[in-house]
Amino acid sequence: MTQLITHVSPQSLTDVLQAAGYRVNPSEQNGIVQLLSASQGIGYAVRFGNAAVEQGSYVDFTFSCALRVQGELPQGVAEQWNATRRFARLSLQGEFLVMEMDVVVAAGVSNDHLRGNLELWDRLLQEFIVYLRDFSQAPAAQAAKVVVTEEEEVAL
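What you are looking at is a predicted structure, and each value in this text was computed from that prediction instead of being measured.

Some points on helix H1 (residues 10–19)
Thinking step 1. Residues of H1 that are buried include every one of Pro-10, Leu-13, Thr-14, Val-16 and Leu-17, and no others. Along the long axis of H1, the arc covered by the buried residues comes to 160 degrees, so they all point the same way.

Written out as structure tokens, the structure is:
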């Protein structure tokens, strides 16, 4: 029988990410631990949510990718994504365009389920960049840039 995972810790999730070939750097701000990683050159964070009974463990976490916006985004960028995509939501938070995806383990999930969510997140990151590029081709798009990495910018 498969052992079910009912909570994750920064170390256990680091192990899952590293086993999938991702580099992981733990980071702490104001006593809050998050994991920093990247896929396809796009940085993202893993933020922990609700605490589990076991000290230092959590029953959910969020994958989060924040891209800095330079200029004004065309109307409807986030709304169209949210209306046409499942699993990850897009929002404008100050000067950042943020894509987030929640993962819940509270009821018990397999290691394969965690790995599947990681693969889904990776795929959504790829689709996100393609979406931004395609959206920029729309006639209503105005000049704006979303900084993806130091090497790449997506013009909108």
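Overview of the pattern of salt bridges
Thinking step 1. The tally for this structure, following the rule as stated, stands at 6 salt bridges.
Thinking step 2. Across the pair Arg-85 and Glu-127 runs a salt bridge, and its minimum N-O distance is 3.5 Å. On the criterion of sequence distance, the pair formed by Arg-85 in the loop between helix H2 (77–84) and strand S5 (89–93) and Glu-127 in helix H3 (residues 111–136) is long-range, its members being 42 residues apart.
Thinking step 3. Residue Glu-127 is classed as partly exposed on the basis of its relative accessible area of 25%.
Thinking step 4. For Arg-89, the salt bridge is made with Glu-100, and the minimal N-O distance between the two is 3.6 Å. Taken as a pair, Arg-89 in strand S5 and Glu-100 in strand S6 (residues 96–104) lie far apart in primary sequence, 11 residues in all.
Thinking step 5. Judged by its relative accessible area of 17%, Glu-100 falls in the buried class.
Thinking step 6. One network of salt bridges, in which partners are shared, links Arg-85, Arg-123 and Glu-127.

Details of the environment of Leu-90
Thinking step 1. Among the secondary structure elements, Leu-90 is positioned in strand S5.
Thinking step 2. For Leu-90, a relative accessible area of 4% puts it in the buried group.
Thinking step 3. The spatial distance from the C-alpha of Leu-90 to the C-alpha of Met-101 is 9.2 Å, given a sequence separation of 11 residues.
Thinking step 4. Apart from residues lying up to four places away in sequence, Leu-90 is in contact with Val-77, Ala-78, Trp-81, Asn-82, Leu-97, Val-98, Met-99, Phe-128 and Tyr-131.

Observations regarding H2
Thinking step 1. Those residues of H2 that fall on the buried side of the exposure criterion are Val-77, Ala-78 and Trp-81. In an axial view of H2, the angular spread of the buried residues amounts to 90 degrees, which keeps them on one side of the axis. Pointing more than 90 degrees away from the buried face of H2 are the exposed residues Glu-79 and Ala-83.

Comments concerning the confidence of the model for the protein chain
Thinking step 1. When pLDDT is averaged along the protein chain, the result is 87, and 86% of the positions lie at 70 or above.
Thinking step 2. This stretch, residues 139–144, has a pLDDT under 50; its non-local contacts, to residues over four places away or in other chains, come to 17 contacts.

Remarks on unusual backbone geometry
Thinking step 1. The backbone phi angle of Asn-30 is positive, close to 50 degrees, even though this residue is not glycine.
Thinking step 2. Classification of Asn-30 as exposed rests on a relative accessible area of 81%.
Thinking step 3. At Gln-40, a position not held by glycine, the phi torsion is positive, near 55 degrees.
Thinking step 4. The topology assignment puts Gln-40 in the loop between strand S2 (32–39) and strand S3 (42–48).
Thinking step 5. Classification of Gln-40 by relative accessible area gives exposed; the value is 53%.

Here is what the cut-offs are and how they apply
- Residues numbered from 1 in each chain as written.
- Predicted model: local features only at pLDDT ≥ 70, side-chain atom pairs only at ≥ 80, totals over all residues.
- Heavy atoms only, no water.
- Buried < 20%, exposed > 50% of the residue type's maximum accessible area, 1.4 Å probe, protein only.
- Helix = DSSP H or I, 4+ residues; strand = E, 2+ residues; numbered from the N terminus.
- Arc of directions from axis to C-beta.
- Salt bridge = Lys/Arg side-chain N within 4 Å of Asp/Glu carboxyl O.
- Contact = heavy atoms within 4.5 Å.
- pLDDT = per-residue confidence, 0-100.

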